[in-house]
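Topology and contacts: notes
These are the residues of each chain, in order.
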Amino acid sequence: MTQVTADPFTLWHPVASAHDVPYRHVHHGQLLGRELAVWRADDDYVNVWENRCLHRGVRLSIGMNDGTELRCQYHGWRYANRSAGCTYIPAHPADAPARTICNRTFASVERYGLVWSGEDPVGDPPTVEVLEAGTPFGLRNLPVNASAELAVQHLRDHRFLPSARLGSDPAGSAGSAEMSVDGAGDYSVVLTSRAGGAQSTAVFFVQPVDSGRCVIRGVLAETPAPSEQAAVLRHHAVELNRLVARIEAEAARLPAPEPMVPVLQQVPLHLAEVPEAPAGRQAALRVQVRRKWETAAGVAAFELVPITGVLPTFQPGAHIDVHLPNGLVRQYSITNGPGETSYYRLGVKLEPDSTGGSVCLHETVREGDVLAISEPRNNFPLRRDSMRTILLAGGIGITPLLAMAQSLDRMSLAFELHCFAQSAEHTAFSDVLDRLGESVVRHLGLPPDETVAEIRRLVAAHDEFTHLYVCGPGPMLEAARREAAAAGWSDDHVHFEYFKNTTEIDDSSTFEVALARSALTVTVLSGSTILEVLREQGVPLPSSCEQGACGTCVATVLEGEPDHQDVYLNDSDHEAGDRIMTCVSRALSDRLVLDL
Amino acid sequence: MIKLYDYVLSVNCYKQRLMMSILDVAYETVPVDFFPGWEHKGEEFKKINPLGHIPVIDDDGYILWDAHAILVYLAARYDPSGRWYPTGDPGLLGETASWMLFAEGTTNTASAARLCVNLGYDFDLEACQAGAHRLFRVLDEHLWFREREGREWVCSGAHPTIADIALFPDVVLSEEGGISRLDYPALRRWTDRVKRIPGFEGMPGIFPASPGL
């Protein structure tokens, strides 16, 4: 009897063969009682996930792999390649899912034509000398209704013929071969067959599916000549089927073991509770500049990769804070399409009147440098329930809209991306735009008045199923909002993101702020901001741009009349007065009550 | 126009809807209260099909029953390319007939198990499930070798046949009968390919596949 010596939960096991995970498919796997959804993204990363949607526990193996994301069949929640973070919840089309909504992932390494994973594997997947030295060739895997231990035990007596003996006699009997066991582990057996001067070595890995089920995954050390492969595969299938019949016959005589009960991860306490808002501008991540290049005249592009681990999930419209070597903090949109999860790609325009942010990125930051960045934040979420989406990009305003366009394109949703730029040379990320085909319309070299006329034309026709997203320089954005309003668009169909707030901030007022939840009342004197005063009092509020453009430091107003000075909220929001950007806005009334 | 005596949850009726959708044949359905009304066992319905089962088609007065026979008729009559029922290729036609008979087996095991679980039929559920697993094992190995040959379908041709249509619903709804397809990865990949046939339509319990590459 083979003794199981190592804890199987700390070992690497094969969970799929490479041919089980073609593109656009979700393999249904199981290891040690736990069901897995295994899927290959178009960038060849193989995801090994717990086979249940966080939302209602539905199997993700019946979901759709669109090459970049896995979509649950029930309510359409979408999860990103690599990180398994949720990127979109159709029932909440206007909201960005919290970054903490993330499926459980397991390790994943491809080796010898197999996908290796494990519950809690230690070290690297096993290396097998004969396979390292050879040219591994995968046999058909066979499911067995018996324990892995029993299968391994029987595999030691397994017989087959050397590949070279099969070309002439595919039906040859394996009985004539001389077999030797060249190695054996708890979940593998290495066998060599010798006959008529020929020899072949095969490694049989046994995947413990459950206590009473396993899969035998055979790999020949040497790939047979193409003309012989069919005969070799047939021969092994016949011999392995015989072996499986013997194993199952013995297993049927033994008492059936109790199925394994996988431990489903509970939602961690810190996610189950109302999260504590981080104080100040956090730079939780360290990334390395893998690539820096000029994507257009005066526009530098950066690819940032994680130093360890996986980057947090982002959604189209999300931005990060980049903490620059010179101490400045700047916000840049993530331009990646869905599934491009191994890096963040940014586009930075050199601003002639830069206060040091874009100059630093253009001139000081180089490939290989390490930068501190915040986790992605999405204050410019993209709805996916519109019949038609119009994206208006002015210059470098293309960055968030590029991410949106790629998501819409992947989901086959109708959109138009209008790029306004000085010239083709000034159009950033043309390579990505080219891939989006006819949905992209370039408007090059238009003077301001013609730009406005063009925008007027573009927003003229609309209905309640059309949404508009605008990002660009202030004047263009103002024009787009004005033209859309004139054409009868309602505010909640027009979404925009400013680069910066050019409003001259009037901070002369003095007023009182009462915090309903914290039972604290503070006075905001002229010259200071609500955000600053609250921080001094130890009330943590997240923030990012701190100039009223990005929407991160928003607070809910319960009483009082805000004095809005931001460019994040739209006119209807300003009129409603139930939200306030605490970094720049103030109070017209003597007192504000905030839901903090 | 073809009239299909239909029950929306019946795999055998779905086979006809799927075939007609793929062949772009116009038809209308006559809903039969299969469950819980057992209308197909009533005297009125037996005037149409004395065997008292569905589906039945009425193509301008031409009446035909038995799911797999109707598939033969629909493909032979409405597929001018002759690929779905390859009468022009004896070898392929023989394979098609062989796998159609195999599909009788999956209907009598996998789909019978589903009738036990969903509609309370008094079959031997365990025997149905064990029988389905035996057939699925054979089909999975067969499809795995097809993939090695660079082929995608049950028969050896480059184009799907009515055998794929006859097998698909029994396979893809097996989990409703308590038959997991976890052990049959090649079978699962083939269901994705069937779902990507132009004109494919689903039924309750059958989800679409993502677009292929």
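Here the structure is a predicted model, which means the values were calculated and not measured.

1. Details of the overall build of chain B
Within chain B, the regular secondary structure consists of seven helices and four strands. Starting at the N terminus and ending at the C terminus, chain B contains elements arranged as β-α-β-α-β-β-α-α-α-α-α. Its C-alpha atoms give chain B a radius of gyration of 17 Å, within 12% of the compact-globule value 17 Å for 213 residues. A principal-axis box enclosing the C-alpha atoms of chain B has dimensions of 50 × 40 × 30 Å. Counting every position in chain B, which comprises 213 residues, the buried fraction comes to 54%.

2. Observations regarding the domain arrangement of chain A
Taken domain by domain, chain A consists of domain 1 (1-125), domain 2 (127-259), domain 3 (287-373), domain 4 (388-498) and domain 5 (511-594). Each of domain 1 of chain A and domain 4 of chain A was reduced to a C-alpha centroid, and the two centroids are 36 Å apart.

3. Re the packing of aromatic side chains
The relation between two aromatic rings is expressed through the spacing of the ring centres and the mutual angle of the planes. Tallied over the full model, the rule gives 21 aromatic pairs over all chains. Members of the aromatic cluster, each reached through a chain of ring pairs, are Tyr7(B), Phe34(B), Phe35(B), Trp38(B), Tyr121(B) and Phe123(B). The ring of Phe429(A) is capped by Arg345(A), whose NZ or CZ atom sits 5.4 Å from the centre of that ring. Positioned over the ring face of Tyr88(A) is Arg384(A), at 4.0 Å from the centre of the ring.

4. Digging into the side chain of Ser528(A)
Residue and element names in this part refer to chain A. Counting through the fold element by element, Ser528 comes out in the loop between strand 30 (520-524) and helix 10 (530-536). Overall, Ser528 belongs to the buried group, its relative accessible area being 16%. From its side chain, Ser528 meets the backbone oxygen of Leu525 in a polar contact 2.9 Å long.

5. Regarding the interface of chain B and chain A
On the chain A side, the residues contacting the 21 residues of chain B number 34 residues. Both sides of the chain B and chain A interface together cover about 2,500 Å² of buried area, and 54% of this is carbon and sulfur. Applying the counting criterion to the chain B and chain A interface returns five salt bridges. Note that Arg137(B) and Glu248(A) form a salt bridge whose closest N and O atoms lie 2.6 Å from each other. Our enumeration of links across chain B and chain A arrives at 14 residue pairs in polar contact (both at pLDDT 80 or more). Within the residue set of the side of chain B that touches chain A, elements represented by two or more residues are helix 5 (125-148) and helix 7 (185-195) of chain B. The greatest single-element share of the side of chain B that touches chain A, amounting to six residues, is contributed by helix 5 of chain B. A breakdown of the residues in the side of chain B that touches chain A according to their chemical character gives nine nonpolar, two polar and 10 charged.

6. Thoughts on the pairing of strand 3 (residues 34-40) of chain A
Within a regular strand, side chains alternate between the sheet's two faces. All names here are of chain A. Burial analysis of strand 3 places six of its seven residues in the buried class, which makes it a mostly covered element. Two strands pair when backbone bridges link them, and strand 2 (residues 26-31) and strand 3 are joined in this way by six bridges, in the antiparallel orientation. Each bridged residue has a counterpart across the sheet, and for His28 the counterpart in strand 3 is Ala37. Joining the antiparallel neighbours strand 2 and strand 3 is a turn of two residues, in which Leu32 adopts a positive phi near 50°. Summarising the sheet, strand 3 and strand 4 (residues 46-50) pair through five bridges and their orientation is antiparallel. Paired with Leu36 across the strands is Glu50, a residue of strand 4. In this structure, the hairpin formed by strand 3 and strand 4 is closed by a connection of five residues, where Asp44 is found at a positive phi of approximately 75°.

7. A few points about the pattern of salt bridges
A full pass over the atoms with the stated rule returns 41 salt bridges over all chains. Between Arg189(B) and Asp20(A) there is a salt bridge whose closest N-O contact spans 2.9 Å. Separated into two different chains, Arg189(B) in helix 7 and Asp20(A) in the loop between strand 1 (13-17) and strand 2 make up a pair that spans both. By relative accessible area, Arg189(B) is classed as buried at 3%.

8. Brief notes about the nonpolar core
Counting residues in each nonpolar core, the largest one holds 88 residues, and the members touching the most others are Phe204(A), Ile216(A), Trp84(B), Phe168(B) and Trp190(B). Discounting residues that sit within four places of it in the chain, Trp84(B) has contacts with Met19(B), Ile22(B), Leu23(B), Ala75(B), Asp79(B), His159(B), Pro160(B), Thr161(B), Ile162(B), Ile165(B) and Ile197(B). Counting 26 residues, the second largest nonpolar core, distinct from the first, contains Leu401(A), Leu402(A), Ala428(A) and Cys471(A).

9. A short note on helix 3 (residues 67-78) of chain B
Residue and element names in this part refer to chain B. Taking 1.5 Å per residue, 12 residues should reach 16 Å; helix 3 reaches 16 Å between its end C-alpha atoms and fits that length. Taken together, the buried positions of helix 3 are Ala67, His68, Ile70, Leu71, Tyr73, Leu74 and Ala75. Taken together, the buried residues of helix 3 touch strand 1 (2-6), helix 1 (11-22), strand 3 (56-59), strand 4 (62-65), helix 4 (90-119) and helix 6 (162-172).

10. Details of unusual backbone geometry
Omega for the peptide link from Phe35(B) to Pro36(B) comes to 5°, which places this bond in the cis form. Looking at the element boundaries, Pro36(B) is found in the loop between strand 2 (27-31) and helix 2 (43-46). At the junction of Ile54(B) and Pro55(B), the peptide bond is cis and its omega measures out at 5° in the coordinates. Tracing the sequence through the fold places Pro55(B) in the loop between helix 2 and strand 3. Look at Leu32(A): it is not a glycine, yet its phi comes out positive at around 50°. For Leu32(A), the location among the structural elements is in the loop between strand 2 and strand 3. Backbone geometry at Arg82(A) places phi at a positive 70°, although glycine is not the residue there. A relative accessible area of 16% means that Arg82(A) is categorised as buried.

11. Comments concerning the sheet that holds strand 28 (residues 494-498) of chain A
Residue and element names in this part refer to chain A. The five strands lie next to each other as 26-25-24-27-28, forming an open sheet whose pairing is parallel. Looking at the sheet topology across the chains shown, the edges are occupied by strand 26 (440-444) and strand 28. Shown here is a sheet whose adjacent strand axes are inclined to one another by a mean of 15°, direction ignored. Sheet topology note: the strand 25 (residues 415-421)/strand 26 ladder contains five bridges and is parallel. Considered in strand 26, the bridge of Ala421 is made with Leu444. Here helix 8 (residues 448-458) sits on the sheet and contacts strand 24 (388-394), strand 25 and strand 26; the angle it forms with strand 25, its principal contact strand, is near 175°. Each of strand 24, strand 25, strand 27 (466-472) and strand 28 touches helix 9 (residues 474-486); the most contacted strand, strand 27, lies at about 160° to it.

Criteria and cut-off values
- Every chain begins its residue count from 1, and numbering advances along the sequence as written.
- Each chain is given a letter, starting from A, and each ligand a number, starting from 1, according to the order in which they appear as written.
- With pLDDT at 70 or above as the cut-off, local features in this predicted model cover only qualifying residues; side-chain atom pairs require 80 or more to be listed or tallied, and sums for whole chains, interfaces and linings still use all residues.
- The side-chain figures draw on all heavy atoms in the structure; neither hydrogens nor water molecules are used.
- Each helix is a run of H or I in the DSSP string that is no shorter than four residues. Each strand is a run of E no shorter than two, and both are numbered from the N terminus.
- With the radius of gyration taken over C-alpha atoms, the globule rule is written as 2.2 Å times the number of residues to the power 0.38.
- For each residue, the accessible area found with a 1.4 Å probe, counting protein chains only, is set against the maximum for its type, and the residue is called buried under 20%, exposed over 50%, and partly exposed in between.
- Delimitation of the domains relies on an automatic or database domain assignment.
- Only Phe, Tyr and Trp rings take part, Trp by its six-membered ring, and two of them pair if their centres are within 6.5 Å. Stacked means planes under 30 degrees apart, edge-to-face means over 60, and tilted covers everything else.
- Distance and angle both matter: a charge sits over a ring if NZ of Lys or CZ of Arg is within 6 Å of the ring centre and within 35 degrees of the ring normal.
- Throughout this description, a polar contact denotes any pair of N or O atoms lying within 3.5 Å of each other; where both atoms belong to protein, one of them has to be capable of donating a hydrogen while the other can accept it, and for residues adjacent in sequence the pair is counted only when both atoms sit in side chains.
- Here, two residues are considered to be in contact whenever any of their heavy atoms come within 4.5 Å of each other.
- Buried area adds together the accessible area that both of two parts lose upon being put together, with accessible area traced by a 1.4 Å probe.
- A pair is scored as a salt bridge if a Lys or Arg side-chain nitrogen falls within 4 Å of a carboxyl oxygen belonging to Asp or Glu.
- Three residue categories are used. Nonpolar comprises Ala, Val, Leu, Ile, Met, Phe, Trp, Tyr, Cys and Pro, charged comprises Asp, Glu, Lys and Arg, and polar comprises the others, including Gly.
- The rule for pairing is simple: two strands pair if DSSP sees at least two bridges between them.
- In these notes, a set of buried Ala, Val, Leu, Ile, Met, Phe, Trp, Tyr and Cys residues joined through side-chain atoms within 4.5 Å is what counts as a nonpolar core.
- Helix span, as expected, comes to 1.5 Å for every residue beyond the first.
- To get an axis, fit a line to the C-alpha atoms, keeping to the stretch in contact for a helix; angles then go from 0 to 180 degrees between the N-to-C directions.

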